[in-house]
Amino acid sequence: MQARQSIRIPSPLIRLDSVSRLEWVCRQLLTSARGNNYLGFDPYDGLNSSLFARSGLSGFRYARIAWTQFNKHFPANIRSWVGTKPHVNPKGLALFLSGAVDLSHRRPDALSDCADLTARIESTISEGYSGACWGYPFPWQGRSFFLPRHTPTVVATAYVASALLDYYKMSKQERWLNLARSACDFILQDLNLQDEGEGICFSYSPIDNTRVHNASLLGAALLARVGSISEEQLLIDRAVEAARYTVGHQNADGAWLYGKDVNQRWVDHFHTGFVLDCLDGIAHASPEAFIIESVERGYAFYLRKMFTSEGRPKYYAGQTNPLDAHCYAQAILTLARKSDARLACRVARFAVADLWRPQGYFGYQHRRYYRNRVSYLRWSQAWMFMAFARLSREVGDVDGSLGGAR
């Protein structure tokens, strides 16, 4: 109870001024997730509703979109009323695993969580593909395509495999490297490849042909990371070609649109962060000048356009609202990766001030006219856990303070 009182200080910036307080937030999130057996809800799980399935509307695209958006934006969690059950999300498990690895550097007790999470991840592999891969435990209707439940995606697969590499780096257990290498086969053999002469673009899933920059680069960054460890130049070369495609579509101001289709022409915070982090990771494996220069221009845009003057992450380049848990988490991760400790810690304080709930979780969004305080395990809790754990590892001084980051 005392810790909870310390985090609710009446100030526009909560006194999140030590690594121990970052870790306190992490412990609250991890303990809650573990206590619920990693079962939770997701902003996009509306199509799991048994009520909607019985309605006769599930066969209509626009009905699926409308129902998903209604569940996503309604400020109360109505899922138990409409027959949507909590589920285990492999990507959520992966985010908790990456965060637990970071946390274990200061708190060895987190290692037991790592072992549990890797076992759970292994049990959620989507079968029938060329390599290990993972999808979401709900059907999903996007603007461009529909994905049945458990259809593997490059996004989920890349985050899961990357988390396994994080654990491999610490544990040195070859099985996790081998599983991540297997995921590369899924990316190279099962995804649809767009080759327009100047770089390549991986599809989002095996059943679509969309050209989405962050999704393609997440797969590419995994190829580059595995290739660096396994010394497979082919994997690195494919990653560089995917980077070439996205760099070639960078706007003059340094931004990237979400995708190439006419209904994907927006610039938002967390997808911009994904692109920057992935290009930076590919550059570490292959320091090509065109990638490094692109990251520099992209990061300059990111700092200039994706934050308010006080340091809150904007949802869109020209629009602050909604204040979203995923945006705060990705901002912390991208800023920490670029060693911008001062702004990363400022975002962490705003995250607690704006979205932390006394019950021990982060609310989903703070919109202009209302707050959506629903707890989403993957979107909010897992992302915030990984972000706070990464920040506690990156900026903690020997004495446990955040030093000059304040």
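Residues numbered from 1 in each chain as written. Predicted model: local features only at pLDDT ≥ 70, side-chain atom pairs only at ≥ 80, totals over all residues. Heavy atoms only, no water.

Observations regarding the overall build of the protein
Defined as follows: Put simply, DSSP marks the helices as runs of H or I at least four residues long and the strands as runs of E at least two long, and each gets a number from the N terminus on. Radius of gyration here is computed from C-alpha atoms only, and the compact-globule reference equals 2.2 Å multiplied by the residue count raised to the power 0.38. In what follows, residue pairs with any heavy atoms lying within 4.5 Å of each other are defined as contacts. When charges are tallied, Lys and Arg are placed among the positive residues and Asp and Glu among the negative ones, while His and the ends of the chain are skipped. A charged residue contributes its charge at one atom only: NZ of Lys, CZ of Arg, CG of Asp or CD of Glu.
Regarding its fold elements, the protein presents 15 helices and nine strands. The C-alpha radius of gyration of the protein comes to 20 Å, within 12% of the 22 Å expected for a compact globule of 406 residues. In the protein, the proportion of contacts linking residues at least 24 apart, taken out of those at least 6 apart, comes to 69%. Positive and negative charge centroids in the protein, built from 47 and 37 side chains respectively, lie 10 Å apart.

Regarding the sheet that holds strand 8 (residues 365-366)
Put simply, the test is: What makes two strands pair is DSSP finding at least two bridges between them.
On the basis of which strands lie adjacent, the open sheet formed by three strands has the order 5-8-9 and antiparallel pairing. The strands lining the two open edges of the sheet, one partner per strand, are strand 5 (323-324) and strand 9 (371-372). Relative to strand 9, strand 8 runs antiparallel, the two being bridged by two bridges. Counterpart to H366 in the pairing with strand 9 is R371.

What to know about the packing of aromatic side chains
Put simply, the rule is: What counts as a ring pair is set by centres within 6.5 Å for rings of Phe, Tyr and Trp (its six-membered ring), and what kind of pair is set by the plane angle: stacked under 30 degrees, edge-to-face over 60, tilted for all other angles. Working definition: with a 1.4 Å probe on protein chains only, accessible area under 20% of the residue-type maximum means buried, over 50% means exposed, and in between means partly exposed. In our convention, an over-ring charge means Lys NZ or Arg CZ found within 6 Å of a ring centre and within 35 degrees of that ring's normal.
Enumeration according to the criterion identifies 28 aromatic pairs in this entry. The interplanar angle of 5° and the centroid separation of 5.4 Å between the aromatic rings of F52 and W67 together place this pair among those described as stacked. Placement of F52 in helix 3 (residues 50-54) and of W67 in helix 4 (residues 61-73) is noted, with a sequence separation of 15 residues between them. Owing to a relative accessible area of 5%, F52 belongs among the buried residues under this scheme. Residue classification places W67 among the buried residues on the basis of a relative accessible area of 17%. The ring centre of F146 lies 4.5 Å from the NZ or CZ of R64, which sits over that ring. In this arrangement the basic side chain of K338 is found over the ring face of Y299, its NZ or CZ atom lying 5.3 Å from the centre.

A word on the packing of helix 13 (residues 325-337) against helix 15 (residues 377-395)
This is how it is decided: To define axes, lines are fitted to C-alpha atoms, for helices over the stretch in contact only, and angles between the resulting N-to-C directions are given on a 0 to 180 degree scale. What sets the label is the angle itself: under 35 degrees gives roughly parallel, over 145 gives roughly antiparallel, 65 to 115 gives roughly perpendicular, and the rest give oblique. Crossing handedness is read from the near helix: turned anticlockwise from the far helix by less than a right angle, it gives a left-handed crossing, and turned clockwise, a right-handed one. Polarity classes work like this: nonpolar for Ala, Val, Leu, Ile, Met, Phe, Trp, Tyr, Cys and Pro, charged for Asp, Glu, Lys and Arg, and polar for all others, with Gly in that last group.
Running from N to C, helix 13 and helix 15 cross one another at 25°; their axes reach a closest spacing of 9 Å. One finds that helix 13 runs roughly parallel with respect to helix 15. Helix-helix and strand crossings are classified by hand; for helix 13 and helix 15 the assignment is left-handed. Listed contacts from helix 15 to A325, H326, Y328, A329, Q330, I332, L333 and A336 of helix 13 are W379, S380, W383, M384, M386, A387, F388, R390, L391 and E394. Per-class residue counts for the contact of helix 13 with helix 15 are 13 nonpolar, three polar and two charged.

Some points on the nonpolar core
Most often, soluble globular proteins keep nonpolar side chains buried together rather than apart. For the record, the criterion: In these notes, a set of buried Ala, Val, Leu, Ile, Met, Phe, Trp, Tyr and Cys residues joined through side-chain atoms within 4.5 Å is what counts as a nonpolar core.
Counting 128 residues, the largest nonpolar core has I282, F362, M384 and F388 as its most contacted members. Of all hydrophobic cores here, the second largest spans six residues; its members include L47, A63, I78 and V82.

Here's the deal with the confidence of the model for the protein
Using the following cut-off: Each residue carries a pLDDT score, the predictor's confidence in it, ranging from 0 to 100.
Chain-level statistics for the protein give a pLDDT mean of 91 and a share of 93% at 70 or above. In this model residues 1-14 is a low-confidence stretch, pLDDT under 50, and it forms 24 contacts with partners more than four residues away in sequence or in other chains. In this model, residues 397-401 is a region of pLDDT below 50 whose contacts with residues beyond four sequence positions or in other chains number 11 contacts.

A few points about unusual backbone geometry
If a residue is not glycine, its phi is most likely negative; likewise, a peptide bond is most likely trans. Here the bond from N321 into P322 is cis, since omega is 0°, no more than 30 degrees from zero. Structurally, the position occupied by P322 is in the loop between helix 12 (289-305) and strand 5. Although it is not a glycine, N37 adopts a positive phi angle of roughly 60°. Backbone geometry at H150 places phi at a positive 70°, although glycine is not the residue there. Here H150 shows up in the loop between strand 2 (146-147) and helix 7 (154-171).

Concerning the environment of G59
Here G59 lies in the loop between helix 3 and helix 4. The sequence separation of G59 and L191 amounts to 132 residues, and the corresponding C-alpha distance is 26 Å.

Digging into helix 8 (residues 174-189)
Counted only if it meets this: To estimate the expected span of a helix, subtract one from its residue number and multiply by 1.5 Å.
For helix 8, with 16 residues, the first-to-last C-alpha span of 23 Å sits near the 22 Å given by 1.5 Å per residue. Contact partners of the buried residues in helix 8: helix 6 (111-122), helix 7, strand 4 (200-202), helix 9 (213-230) and helix 10 (233-248).

So, helix 6
We apply this condition: Along the arc lie the directions from the helix axis toward the C-beta atoms.
Taking 1.5 Å per residue as the helical rise, helix 6 with its 12 residues ought to reach 16 Å, and the 17 Å between its terminal C-alpha atoms agrees with that figure. Along helix 6, the residues classified as buried are D113, C114, L117, T118, R120 and I121. The buried residues of helix 6 occupy an angular sector of 160° when projected down its axis, which confines them to one face. Against the buried residues of helix 6 lie helix 2 (19-35), helix 5 (90-104), helix 7 and helix 8.

Describing the pattern of salt bridges
Using the following cut-off: A carboxyl oxygen of Asp or Glu within 4 Å of a side-chain nitrogen of Lys or Arg is what we treat as a salt bridge.
This model, assessed by the stated rule, comprises 16 salt bridges. The salt bridge partner of D113 is R34, with a shortest N-O separation of 2.8 Å. Pair noted here: D113 is in helix 6 and R34 is in helix 2, with a separation of 79 residues, a long-range link. Judged by relative accessible area, D113 falls into the buried class, the value being 6%. With relative accessibility at 35%, the residue R34 sits in the partly exposed group. Of the charged contacts, one joins E241 and R244 as a salt bridge, the two residues approaching to 3.4 Å between their closest N and O atoms. Taken together, the positions of E241 and R244, both in helix 10 and three residues apart, correspond to about one turn of that helix. On the basis of relative accessibility, which here comes to 27%, the residue E241 falls in the partly exposed class. Under the relative-accessibility criterion, R244 is labelled partly exposed at 34%. When salt bridges that share partners are traced, they join D102, R390 and R393 into one network.

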